[in-house]
Amino acid sequence: MDAFLNGFLALTDPSLLLLLVAATLGGVIIGALPGLNATTGAALLLPFTLTMEPVAAISILTAIYCSATFAGAITAILINTPGTSASATTCLDGYPLALRGEAGRALGMAVVASTIGGVLSVICLMIAAPVLARAAYNFAPPEYFALTLFGLSMLVSVGGGSPIKNLIAGAFGILLATVGVDLLTSVKRFTFDVPQLHEGIGFVPVMIGVFGISELLSQASALHQKREQVTMKAIKLPSMADYKKVWKTILRSTGIGTFIGILPAEGATVASMIGYNEARRWSKTPEEFGKGAIEGIAGSEAANNSATGGAMVPTLALGIPGSPTAAVILAGLLVHGLRPGPTMFTEQADFAFAIFWSMLFVNLLFLVIGLYGAKVFARVTLIPIRMLWPSVFIFSIVGAYALDQSMFDVWIAIVSGIIGYFMRVYGFSVVPLAIGLILGGMLEQRLGQSMVMLDEQWWLIATRPLSAFFLILTAIALFGPALWKLITGQRPAFKKGS
Amino acid sequence: MKTPLNPDRRARWLVPICIILFCIVALYFTTTFKKMPPILKRGIQPSDFPQLVCLLIVSLTLLMVWKDPVRIVERVTSKSWMTMGLMIGFVALMQVDLFLALGAFAATLTMLWGERRPLNIALVGILIPTTVFFLFDLVFKIRFPRGLLTSLWYG
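Computed from a predicted structure; not experimentally measured. (Residues numbered from 1 in each chain as written. Chains lettered and ligands numbered in written order. Predicted model: local features only at pLDDT ≥ 70, side-chain atom pairs only at ≥ 80, totals over all residues. Heavy atoms only, no water.)

## Remarks on the overall build of chain B
Consideration 1: Counting its regular elements, chain B contains six helices and zero strands.
Consideration 2: Counted from the first residue to the last, chain B has its helices and strands arranged as α-α-α-α-α-α.
Consideration 3: Relative to the 2.2 N^0.38 estimate, which gives 15 Å for 155 residues, the radius of gyration of chain B is 24 Å and therefore markedly larger than a compact globule would have.
Consideration 4: Seen through its principal axes, chain B has C-alpha atoms that stretch 60 × 60 × 25 Å.
Consideration 5: For chain B, with 155 residues in total, the buried portion stands at 41%.
Consideration 6: Taking the contacts inside chain B whose residues are at least 6 apart along the sequence as the reference set, 49% of them involve residues at least 24 apart.
Consideration 7: With the model as given, the accessible surface of chain B reaches about 9100 Å², and the carbon-plus-sulfur share is 70%.
Consideration 8: Of the side chains in chain B, 17 bear a positive and 7 a negative charge, and the two mean positions are spaced by 7 Å. (Helix = DSSP H or I, 4+ residues; strand = E, 2+ residues; numbered from the N terminus. Rg over C-alpha atoms; globule rule 2.2 N^0.38 Å. Buried < 20%, exposed > 50% of the residue type's maximum accessible area, 1.4 Å probe, protein only. Contact = heavy atoms within 4.5 Å. Areas by Shrake-Rupley, 256 points an atom, 1.4 Å probe, with all protein chains shown as cover. Lys, Arg positive; Asp, Glu negative; His and termini not counted. Charge placed at Lys NZ, Arg CZ, Asp CG, Glu CD.)

Structure (structure tokens):
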């Protein structure tokens, strides 16, 4: 209870509040800008937080996460281009509504559904994360190994790539994590006598490269795309009739989004797709979906924003990222010397609750920003790509350098960016690579510790009940879809995308 | 007469071959890692885990060739190649001065991508790098490597 109140008190610091307002505004701009999303934004801004206190630094990253996820709806509704992939389903009904002259109503619904979804999921986070952490407190290395393996197995369904390609990208990330001095034996691996490689390949320059620089190269192919913005007079709060129509949808999508967010590696994109599909399935007027159904916007937006709170549950309680952006936040926690996991709620409980309160604050803040500023923020979509992305490159390079003040990191960022670009070209998602890099070290360390604990009899990992449970979940995540296809003779009901 | 190979068909084989070759090279390097005596090896040898991962990647790549062949999902346009070329120029100029390289890269890129207004080019090539430099130097206390321009400030 003390931590709960102390966390709230941390938020009464005016400078932190000011930073959160600025980060929320920044997040809304990032979410609305073409090509930029919450993950790229958080990766680019991570170096800016290095000199800050951990509470301020991580609060800023979570603020970017929440607000950028919401802001994707602005471009989805007004220019039929989702600002973030999580808002792709918002386009389906948002843009037709905007074309009918109801852009204000569509944006109003997006703001309200996002806020409700976000707030409820943060409340869920406040309750679930400490409970999950308490449950995980007695985990030994074999349980952690099996849990990390489960987290990695969920990579099959993230990003835009196919499951096999995602696993290859994830394994490549794990291989990159083995570069440097082995923590268990102090043996140098893949260092080629380069001193900068002794400490391994840093998460931050790789993330800046694969999310920022590779996107820049992708944008070079999209220069010819023209965007036409639908005019909007004013944003309108939903009417009573709208509320009556959508309240069940919002609650259902919030539940779905929070649950999907809690699953390791699954993020707002999958949540919004399922939220949208379920909204259509339960609707009395499913034929309106795709033509401007207000329930479609509510279902999609409540789900994608509630996934942000859900994704922070495994990130903070278990140290397993709940989504791609949560992976960047996890990297931020590690860079600041914090150890996410069960001990966070015993040794750094004030910090954890300060993050929860700041997320709650941000979710309420973008209600205000969304209602009064959406029209202004919609204008940032008009910033030409040819000016935006060269500027992003400057931030990327300086950000990559700033972490360790090392030019070697700049090289890593550029090389990662080019590799990331070609991965995209050949249909591999870059998200599993980043998550594999973060979790790879943990996986190996926990395997080594398990081997010591179990006297080098690795198969005993599967004989421990909780480890066995996670290994079964891993098998389901890896082989479930194929088995489902085999049993039913068809593909799963929905295809998970980027 | 031979017809040129379809890019998708070329990618189908070229990408897996590159991945497998990469893994073979990585596997070779793992054999050069120092071996620990049994008492010090702490569960696994330093080479065990990377070898396991390399073999996993090779297996998955073979599975990919069979079940989910690689195809090009995003065309590499001439603009993308030129942007990568500019990055090489950036890396070369970086040896002279990081911010000179950043400014020159940003200005050239914005022009390459179609910007013609001098004010906008100056904004991207001069104002933004300068602002970022002073933001990091004065606010975040980050010291950048000395170069032609940065030395003017550092003295």
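Here the narrative resumes, following the displayed structure.
## A word on the packing of helix H12 (residues 294-318) of chain A against helix H13 (residues 324-335) of chain A
All names here are of chain A.
Consideration 1: At a minimum axis distance of 10 Å, the contact between H12 and H13 shows a crossing angle of 30°. At the point where H12 passes H13, the crossing takes the right-handed sense. Side by side, H12 and H13 meet where Ala311, Met312, Thr315 and Leu316 of the first sit next to Ala326, Ile329, Leu330 and Leu333 of the second.
Consideration 2: In the contact of H12 with H13, the residues fall into seven nonpolar, one polar and no charged. (Axes fitted to C-alpha atoms, helices over the stretch in contact; angles between N-to-C directions. Left-handed = near helix turned anticlockwise from the far one by under 90°. Nonpolar A, V, L, I, M, F, W, Y, C, P; charged D, E, K, R; others polar.)

## A look at the interface of chain B and chain A
Consideration 1: Each partner contributes residues to the interface: chain B has 72 residues there, and chain A has 62 residues.
Consideration 2: For the chain B and chain A pair, buried surface summed over both sides reaches about 5900 Å², with 81% attributable to carbon and sulfur atoms.
Consideration 3: Summed over the shared surface of chain B and chain A, the result is two salt bridges.
Consideration 4: Between Glu115(B) and Arg386(A) there is a salt bridge whose closest N-O contact spans 2.8 Å.
Consideration 5: Summed over the shared surface of chain B and chain A, the number is 12 residue pairs in polar contact (both at pLDDT 80 or more). (Buried area = accessible area lost by both parts, 1.4 Å probe. Salt bridge = Lys/Arg side-chain N within 4 Å of Asp/Glu carboxyl O. Polar contact = N/O pair within 3.5 Å; in protein donor to acceptor, adjacent residues only side chain to side chain.)

## Quick notes on a nonpolar patch on the surface
Residue and element names in this part refer to chain A.
Consideration 1: A contiguous nonpolar surface patch, about 630 Å² in accessible area, is contributed by Ile116, Leu120, Ile123, Ile127, Val131, Trp247 and Leu251.
Consideration 2: Counting only elements with at least two residues in the nonpolar patch, the list comes to helix H6 (103-136) and helix H10 (240-262).
Consideration 3: Looking at the nonpolar patch element by element, the count peaks at five residues for H6.
Consideration 4: As for its placement among the helices and strands, isoleucine 127 is situated in helix H6. (Patch = residues over 30% accessible without salt bridge, like charges linked within 9 Å, V, L, I, M, F, W, Y side chains within 5 Å.)

## What to know about helix H19 (residues 465-488) of chain A
Consideration 1: By the largest-angle criterion, Phe479(A) marks the main kink of H19(A), which is about 55°, and a proline, Pro481(A), follows within four residues.
Consideration 2: Where H19(A) is buried, its residues contact helix H7 (141-153) of chain A. (Bend = angle between axes of the 7 residues up to and from the residue.)

## A short note on helix H5 (residues 118-139) of chain B
Consideration 1: A rise of 1.5 Å per residue sets the reference length of H5(B), with its 22 residues, at 32 Å; its end C-alpha atoms lie 29 Å apart and thus fit the reference within 8%.
Consideration 2: The largest bend along H5(B) measures about 30° and falls at Val124(B).
Consideration 3: For H5(B), the set of buried residues is Asn120(B), Ile121(B), Val124(B), Gly125(B), Ile128(B), Pro129(B), Val132(B), Phe133(B), Phe136(B) and Asp137(B).
Consideration 4: Contacts from the buried residues of H5(B) go to helix H16 (385-402) of chain A together with helix H4 (98-112) and helix H6 (150-154) of chain B. (Expected span 1.5 Å × (residues − 1).)

## Here's the deal with the packing of helix H9 (residues 203-220) of chain A against H16(A)
All names here are of chain A.
Consideration 1: Between H9 and H16, the shortest axis-to-axis distance is 10 Å and the interhelical angle comes to 160°. The pairing of H9 with H16 is recorded here as roughly antiparallel in orientation. For the pair H9 and H16, the sense of crossing is left-handed. Residue-level contacts link Pro205, Ile208, Gly212, Ile213, Glu215, Leu216 and Gln219 of H9 to Ile385, Trp389, Phe393, Ser396, Ile397, Gly399 and Ala400 of H16.
Consideration 2: Here the residues of the contact of H9 with H16 sort into nine nonpolar, four polar and one charged. (Parallel < 35°, antiparallel > 145°, perpendicular 65-115°, else oblique.)

## Remarks on the nonpolar core
Consideration 1: Residues Phe90(B) and Phe144(B) are the most contacted members of the largest nonpolar core, which totals 197 residues.
Consideration 2: Sequence-distant contacts of Phe90(B), defined by excluding residues within four places in its chain, comprise Phe393(A), Ile397(A), Ile414(A), Leu98(B), Ala101(B), Leu102(B) and Phe105(B).
Consideration 3: By size, the runner-up hydrophobic cluster in this structure holds nine residues, among which are Ala86(A), Val270(A), Ala271(A) and Ala303(A). (Core = buried A, V, L, I, M, F, W, Y, C linked by side-chain atoms within 4.5 Å.)

## Observations concerning the environment of Ser15(A)
All names here are of chain A.
Consideration 1: Position of serine 15 relative to the elements: it lies in helix H2 (residues 14-32).
Consideration 2: Overall, serine 15 belongs to the partly exposed group, its relative accessible area being 44%.
Consideration 3: Put simply, serine 15 and valine 187 are 172 residues apart on the chain and 45 Å apart in space, counted from C-alpha to C-alpha.

## Here we look at unusual backbone geometry
Residues and elements named next belong to chain A.
Consideration 1: Positive phi is not limited to glycine here, since aspartate 193 has a value of about 60°.
Consideration 2: On the secondary structure map, aspartate 193 appears in the loop between strand E2 (188-189) and H9.
Consideration 3: Given the relative accessible area of 70%, aspartate 193 is considered exposed.
Consideration 4: At aspartate 455, a residue that is not glycine, the phi angle is positive and equals roughly 55°.
Consideration 5: If you trace the backbone, aspartate 455 turns up in the loop between helix H18 (431-453) and H19.

## Regarding the confidence of the model for chain A
Consideration 1: For chain A, mean pLDDT is 86; residues scoring 70 or higher make up 95% of the total.
Consideration 2: Per-residue pLDDT stays below 50 along residues 493-498 of chain A; that stretch engages in 16 contacts with residues further than four places along the chain or on separate chains. (pLDDT = per-residue confidence, 0-100.)

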